[in-house]
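# What the coordinates show
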Amino acid sequence: MHKVISQENIADGIFRITVDIINEARPGQFYMILPPGGAFSLRRPISVHDSTAFTASFLYQVKGRGTKAISLLKSGDELDLVGPLGNGFSFLAQDSVFVGGGLGIAPLFYAIKEFKRAYPGKTAACYLGFSGEAFLTKEYEEISDSFGYMQSGFITDIVEAGSNAYYACGPEAMLEALLKKAGREAHYLASFEARMGCGVGACYSCSIKTASGNVRVCTQGPVLSAKEVFYEQA
């Protein structure tokens with residue numbers, strides 16, 4: 001069990017919870033979080049949004065009873081976490097583009113910070129797409145070398161092509177559209193979402209099809225090569 005340090009209501013239905021934990025997660029990895037109250041049998045997979053040596057923050061949206069129960073936690077309460085789990089982002093030492101859509105922006109904050117820490121001489125361009133209210137744009141702009149966001153339309157329309165490295169998380173249509181812009185020669189890693197039961201590869205409920213066969217998003221992902229997933233795209 002880990003103590004809650006803070007709980008913030010970022011936007012309508014959007015929360016950020018920070019817990020006391022020795023975090024060893026890489027950008028793109030996630031924790032399986034058990035909603036409090038004893039009425040829930042399944043944990044919810046939530047990616048690491050930000051981290052220090054002794055804290056981890058999670059950005060999430062209230063969608064049902066489980067996430068609603070998590071949103072009611074206050075400083076000093078306890079939260080049951082298992083992780084870090086899954087496969088995270090691996091960065092190239094070159095100027096890079098980060099693209100997020102909706103709640104898919106969550107893991108990119110930690111990803112950009114770690115990329116800049118590892119490669120301080122390289123640039124990080126960040127593009128965020130929202131379907132309505134935008135949130136945390138100032139925080140993302142502060143850690144990025146260039147920044148843009150949209151509250152409607154397709155964020156990939158304003159992403160500049162020409163980079164050799166792309167990292168993304170968001171709706172599948174956005175991830176596929178970004179591949180068309182990036183091109184198949186680019187280093188393009190994307191974090192994919194899937195319904196998870198266990199988070200450790202035992203139940204196969206999060207299996208998706210790729211060029212190399214079916215993979216489990218919880219263990220072989222959630223970060224995968226986009227061209228492996230969208231292998232039928234010309």
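Residues numbered from 1 in each chain as written. Predicted model: local features only at pLDDT ≥ 70, side-chain atom pairs only at ≥ 80, totals over all residues. Heavy atoms only, no water.

## Considering the pairing of strand β13 (residues 207-210)
Strand residues, when the strand is regular, have side chains that alternate between the two faces of the sheet. Of the two faces of β13, the one holding I208 and T210 is buried and the one holding S207 and K209 is not buried anywhere. Examined bridge by bridge, β13 and strand β14 (residues 213-216) share four bridges and lie antiparallel to one another. Of the residues in β14, the one forming a bridge with K209 is N214. In this antiparallel pair of consecutive strands, β13 and β14, the connection spans two residues. (Buried < 20%, exposed > 50% of the residue type's maximum accessible area, 1.4 Å probe, protein only. Helix = DSSP H or I, 4+ residues; strand = E, 2+ residues; numbered from the N terminus. Pairing = 2+ DSSP bridges.)

## What to know about the state of the cysteines
Enumeration according to the criterion identifies zero disulfides in this entry. Distance from the sulfur of C126, which forms no disulfide, to the nearest cysteine sulfur (C169) is 12 Å. (Disulfide = S-S within 2.5 Å.)

## Here we look at the environment of A161
Relative to the helices and strands, A161 is located in the loop between β10 (146-150) and β11 (165-169). A residue is classified by how much of its surface remains accessible, and A161, at 52% relative accessible area, is exposed. Spatially, the C-alpha atom of A161 lies 8.7 Å from that of G183, the residues being 22 residues apart in sequence. A161 has contacts with Y166 and K181, leaving out every residue within four places of it along the chain. (Contact = heavy atoms within 4.5 Å.)

## Focus on the pattern of salt bridges
All chains considered together, the criterion is met by seven salt bridges. For D80, the salt bridge is made with R43, and the minimal N-O distance between the two is 3.2 Å. Taken as a pair, D80 in strand β7 (residues 78-85) and R43 in the loop between β3 (30-34) and β4 (44-47) lie far apart in primary sequence, 37 residues in all. In this structure, R117 engages E114 in a salt bridge whose closest nitrogen and oxygen atoms are separated by 3.2 Å. (Salt bridge = Lys/Arg side-chain N within 4 Å of Asp/Glu carboxyl O.)

## As for the side chain of T55
Relative to the helices and strands, T55 resides in strand β6 (residues 55-61). If sequence neighbours within four positions are ignored, T55 has contacts with I5, T18, V19, I21 and N23.

## Some words on the packing of aromatic side chains
The full count for this structure, using the stated rule, is 15 aromatic pairs. Between F91 and Y167, the ring centres sit 5.1 Å apart and the planes meet at 80 degrees, which makes this aromatic pair edge-to-face. Here F91, found in the loop between β7 and β8 (96-101), pairs with Y167, found in strand β11; they are 76 residues apart in sequence, far enough to count as distant. Its relative accessible area of 17% is what places F91 among the buried residues. Between the aromatic rings of F130 and F135, the centroid separation amounts to 5.0 Å while the plane-to-plane angle is 65 degrees, which identifies the pairing as edge-to-face. When its relative accessible area of 5% is taken as the criterion, F130 is described as buried. Joined through ring pairs, the aromatic side chains of F89, F91, F98, F115, Y119 and Y167 make up one cluster. (Phe/Tyr/Trp six-rings, centres within 6.5 Å; stacked < 30°, edge-to-face > 60°.)

## Description of the nonpolar core
Membership of the largest hydrophobic core comes to 25 residues, with the highest contact counts inside it found for V99, Y166, L175 and Y188. In terms of residues, this core owes the most to one element, helix α4 (residues 172-182), which gives five residues. Excluding residues that lie within four positions of it along the chain, L175 makes contacts with A168, C169, G170, Y188, A190, S191, F192 and F230. Ranked by size, the runner-up nonpolar core spans 24 residues in total, among them L108, A124, F135 and L136. (Core = buried A, V, L, I, M, F, W, Y, C linked by side-chain atoms within 4.5 Å.)

## Regarding the layout of surface pockets
In this structure, the largest pocket encloses a volume near 1300 Å³. Taken together, 43 residues form the lining of the largest pocket, with P45, Q61, K63, L103 and E193 sitting closest to its centre. Looking at the lining of the largest pocket, the elements that each hand over two or more residues are β4, β6, α1 (65-71), α2 (106-118) and α4. The element best represented in the lining of the largest pocket is β4, accounting for four residues. Of the residues that constitute the lining of the largest pocket, the class distribution is 21 nonpolar, 13 polar and nine charged. A volume near 260 Å³ is recorded for the second largest pocket. What lines the second largest pocket is a set of 15 residues, among which G153, F154, I155, P171 and M174 lie closest to the centre. By residue number, the principal contributor to the lining of the second largest pocket is α4, which donates three residues. Partitioning the lining of the second largest pocket into residue classes produces eight nonpolar, seven polar and no charged. (1 Å grid on protein atoms, 1.4 Å probe; cavity = no way out; pocket = protein on both sides within 12 Å on 5 of 7 lines; lining within 4 Å. Points joined across faces, edges and corners; volume = space filled by probe spheres on them. Nonpolar A, V, L, I, M, F, W, Y, C, P; charged D, E, K, R; others polar.)

In short, the description is geometric, and any link to function would need to be established separately.
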